Amino acid sequence: MADRSPRPSACPPTRHPDVIHAGRAIAKDGTVVPRWMLVPPLATYALSLVVVALAWATRASLDGAWPGVTVFSLFFPAVLLSAVIGGIGPGIVTLATSGLVVTYYWLSPRGSLMFTQDSLVNLGLFGVSAGSIVLVGHLLRISARRSATTAHILKDFAEELEGRVADAVAEREAALQQLHETMKSEMVSQLTGGIAHDFNNLLTPIIGSLDMLSSRPVTPDRSKRLASGALEAAEKARMLVSRLLAFGRRQMLQPRPVDVVALLHGLSDLIQRSIGPGTRLVISLPPSLPAIRVDPNQLELALLNLTVNARDAMQDGGTLTISAQEEPAESDRSLAPTVRISVIDTGKGMDAVTLRRATEPFFTTKGSGRGTGLGLSMVHGLAGQSGGTLLLSSTPGVGTRAELRFPATDDQLSAEAPSAEIAAPSACNLRILLVDDEPLVRTGLADMLHDAGHEVVEVESAREALSLMEDCAAFDFVLTDHLMPGMNGATLAGKLRDSHPLLPVLLVTGYMGADTEVPAEIATLRKPVRQADLLQAIDRAVAGVGRFRRIDDSA
Ligand SMILES: Nc1ncnc2c1ncn2[C@@H]1O[C@H](COP(=O)(O)OP(=O)(O)O)[C@@H](O)[C@H]1O
Ligand SMILES: [Mg+2]
């Protein structure tokens, strides 16, 4: 049994075992007795005399009324009462006084204590019967004592037991809480370790290349190779961050109503190519489905992640089935109908531990260099951030089923985003106001813009930008960071939109906090940005002045 000393204050304390329960008391000898047994001995003798007197009065008032009742019988209850309350002593006193009273008043010769043969016989019979009654009373007394003690012990035992159960429950809860905390910190350290490991691997070629480029002159060929090596690693780092943000549900999503049937038809070629010729692909779709509200690029990426996992699990070939169907509201017990997308493989499956941990970031069974452990965590994060769920089920040796469910939406499907097709005139020689509180980022962005022939004025806060604009400084374009101390970029964009409706504004942001919503009409671009993406986004924003919209960037 567990140690009982440190009991959490939430538990009711056990009663002290010496506390005597209702109706019971502790006698002088330390035993537990019924409370009525605590009458002092002298009082019990006095009580004996009182009950004899009462019996006498009753007998006298009934004299001759109940001829069937023997002259002694009314004294029997008095004897019993005294014996039960006082024990053998008071019982015998009652017996003796009753015998004398009866001899004196009711046996001949009346009014005297002369003992005739008859009276002696009667008295003898009374003595034997009353003596037995004294014994019975005494036994009753003992049994009452015993039951008081037993009840007391049982009650204490029950309370003790209750206390122990409460302790055990509290201990279990505390242990569970601790386990939860441990698991949480284990997850955090796994996440931190994973990020550190992957980033160090990516930073090594970046730092190495830049170091060589800056420390000594290199041939143009070599400099190109070094730069492209560094860029490649940086691209991978960008992808890593994007997946981490997806897991943390802090991704900058651009949700819109999506037709899943069309999306899966469009993706089927890519899926077939990614699983290779050895695996059979079955895509089973109804003619139409309700729209769901999700970021289509990210949904495609999630489906590709699931496909790649299925491919990895089916090294020796198999069948990959992708299907989608509508789940009516009742069967799902949710309010809105949902659309279910299933990705089912006939691969090696997962055991219970792998299945439980599969969506943890950096959890992989594929070995270093082959798996990132970020595929399912991204899918899980996207589903969560889009109001949906990811459900995994798997049987080792049989296969795995991944189900994505998203609530259906009544929003109308928007026509294909026109922005990508707009052949925007390449804007150049713009006078651009650049707002970013981070000097390194600001300088980097300014360099890209200078390089493209634009004139750049840099400020480090939204307030500075607003006061410049108030001073009638003329700008063709505003490029602003989102998360900045004081006023954020979205607020700045909103104010500029009111005061300068024709001025195009582009928001560049690193991540979306839960409390940092950006209105859909503000054009946004995800950090980190490459020069080509930045210039293209500026072109689109310039072309789209008057009808602000988000700019697609496919990460
Ligand atoms: N379809 C699948 N069949 C069997 N195991 C899978 C499947 N999908 C995921 N897993 C398991 O879950 C782990 C985590 O998957 P994921 O997050 O995509 O990372 P990665 O693919 O980089 O390992 C995988 O390493 C694998 O053990
Ligand atoms: Mg994967």
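Everything numeric here is computed off the predicted structure, so don't read it as measured data.

Asker: I'm lost on the nonpolar core in this one. Help?
Answerer: Across soluble globular proteins, nonpolar side chains show a tendency to be buried alongside one another. V260, I292, L299, L303, L320, I341 and L404 are the most contacted members of the largest nonpolar core, which has 40 residues in total. Once residues within four sequence positions are removed from consideration, V260 is found in contact with L289, I292, A324, V339 and I341.

Asker: Looking at this model, I keep getting lost on the site of ligand 1. Mind explaining?
Answerer: What surrounds ligand 1 is a group of 19 residues, the closest being T364, T365, K366, T372 and G373. Between D345 and ligand 1, the recorded distance is 2.8 Å, taken from a side-chain N or O atom to a nitrogen atom. One of the side-chain nitrogen or oxygen atoms of T400 is found 3.2 Å away from a nitrogen atom of ligand 1. Of all the secondary-structure elements, those providing two or more residues to the shell around ligand 1 are α7 (296-313) and α10 (375-385). With three residues, the top contributor of residues to the shell around ligand 1 is α7. Of the residues belonging to the shell around ligand 1, the class tally is seven nonpolar, 10 polar and two charged.

Asker: What exactly am I supposed to notice about a nonpolar patch on the surface here?
Answerer: Together, W56, L100, Y104, Y105, L113, F115 and L120 make up an exposed nonpolar region whose accessible area comes to about 640 Å². By residue number, the principal contributor to the nonpolar patch is helix α3 (residues 88-106), which donates three residues. Tracing the sequence through the fold places W56 in helix α1 (residues 41-61). With a relative accessible area of 32%, W56 lands in the partly exposed category.

Asker: Hey, could you run me through the packing of aromatic side chains in this one?
Answerer: The description of an aromatic ring pair uses the distance of the two centres, along with the angle that the planes make with each other. A complete count under the given rule lists six aromatic pairs for this structure. For the pair W56 and Y105, a centre-to-centre distance of 5.4 Å together with 50° between the ring planes defines the contact as tilted. On the criterion of sequence distance, the pair formed by W56 in helix α1 and Y105 in helix α3 is long-range, its members being 49 residues apart. Arranged with centres 5.8 Å apart and planes meeting at 50°, the rings of Y105 and W106 form a pair that is tilted. The exposure class of Y105 is partly exposed, given its relative accessible area of 36%. You can call W106 buried: its relative accessible area is 11%. What links up through ring pairs into an aromatic cluster is the set W56, F75, Y104, Y105 and W106. One residue, R59, lies across the ring of W106, its end atom 5.9 Å from the ring centre.

Asker: Help me understand the sheet that holds strand β14 (residues 523-526) in this model?
Answerer: Two pairing modes exist for strands in a sheet, parallel and antiparallel, and in both the strands are linked by backbone hydrogen bonds. Reading across the sheet, the five strands line up as β11-β10-β12-β13-β14 and stay open at both edges, with parallel pairing between neighbours. Both edges of this open sheet fall to β11 (455-459) and β14, since each of them pairs with a single strand only. For this sheet the average axis-to-axis angle between neighbouring strands, irrespective of direction, equals 20°. Pairing of strand β13 (residues 505-509) with β14 involves four bridges; the strand directions are parallel. Within β14, the position partnered with T509 by the bridge is R526.

Asker: Is there a simple way to explain the confidence of the model for the chain in this structure?
Answerer: Do not read the predicted coordinates in detail wherever pLDDT is low. The predicted model of the chain averages 85 in pLDDT, with 88% of residues at 70 or higher. This model gives residues 1-17 a pLDDT under 50, and the stretch forms 23 contacts once residues within four places in sequence are excluded. Segment residues 417-424: pLDDT under 50, and 11 contacts once partners within four positions in sequence are set aside and those in other chains are kept.

Asker: I'm lost on the sheet that holds strand β8 (residues 389-395) in this one. Help?
Answerer: Read across the open sheet, the five strands follow the order β4-β6-β7-β9-β8; overall the sheet is mixed. The two strands at the open ends of the sheet, each matched to only one other strand, are β4 (279-284) and β8. Taking the axes of each pair of neighbouring strands and ignoring which way they run, one obtains an average angle of 15° across the sheet. On the sheet, α10 packs against β8 and β9 (399-407) and is oriented at approximately 140° with respect to β8.

Parameters and conventions
- Residues numbered from 1 in each chain as written.
- Chains lettered and ligands numbered in written order.
- Predicted model: local features only at pLDDT ≥ 70, side-chain atom pairs only at ≥ 80, totals over all residues.
- Heavy atoms only, no water.
- Core = buried A, V, L, I, M, F, W, Y, C linked by side-chain atoms within 4.5 Å.
- Buried < 20%, exposed > 50% of the residue type's maximum accessible area, 1.4 Å probe, protein only.
- Contact = heavy atoms within 4.5 Å.
- Near = heavy atom within 4 Å.
- Polar contact = N/O pair within 3.5 Å; in protein donor to acceptor, adjacent residues only side chain to side chain.
- Helix = DSSP H or I, 4+ residues; strand = E, 2+ residues; numbered from the N terminus.
- Nonpolar A, V, L, I, M, F, W, Y, C, P; charged D, E, K, R; others polar.
- Patch = residues over 30% accessible without salt bridge, like charges linked within 9 Å, V, L, I, M, F, W, Y side chains within 5 Å.
- Areas by Shrake-Rupley, 256 points an atom, 1.4 Å probe, with all protein chains shown as cover.
- Salt bridge = Lys/Arg side-chain N within 4 Å of Asp/Glu carboxyl O.
- Phe/Tyr/Trp six-rings, centres within 6.5 Å; stacked < 30°, edge-to-face > 60°.
- Lys NZ or Arg CZ within 6 Å of the ring centre and 35° of its normal.
- Pairing = 2+ DSSP bridges.
- Axes fitted to C-alpha atoms, helices over the stretch in contact; angles between N-to-C directions.
- pLDDT = per-residue confidence, 0-100.

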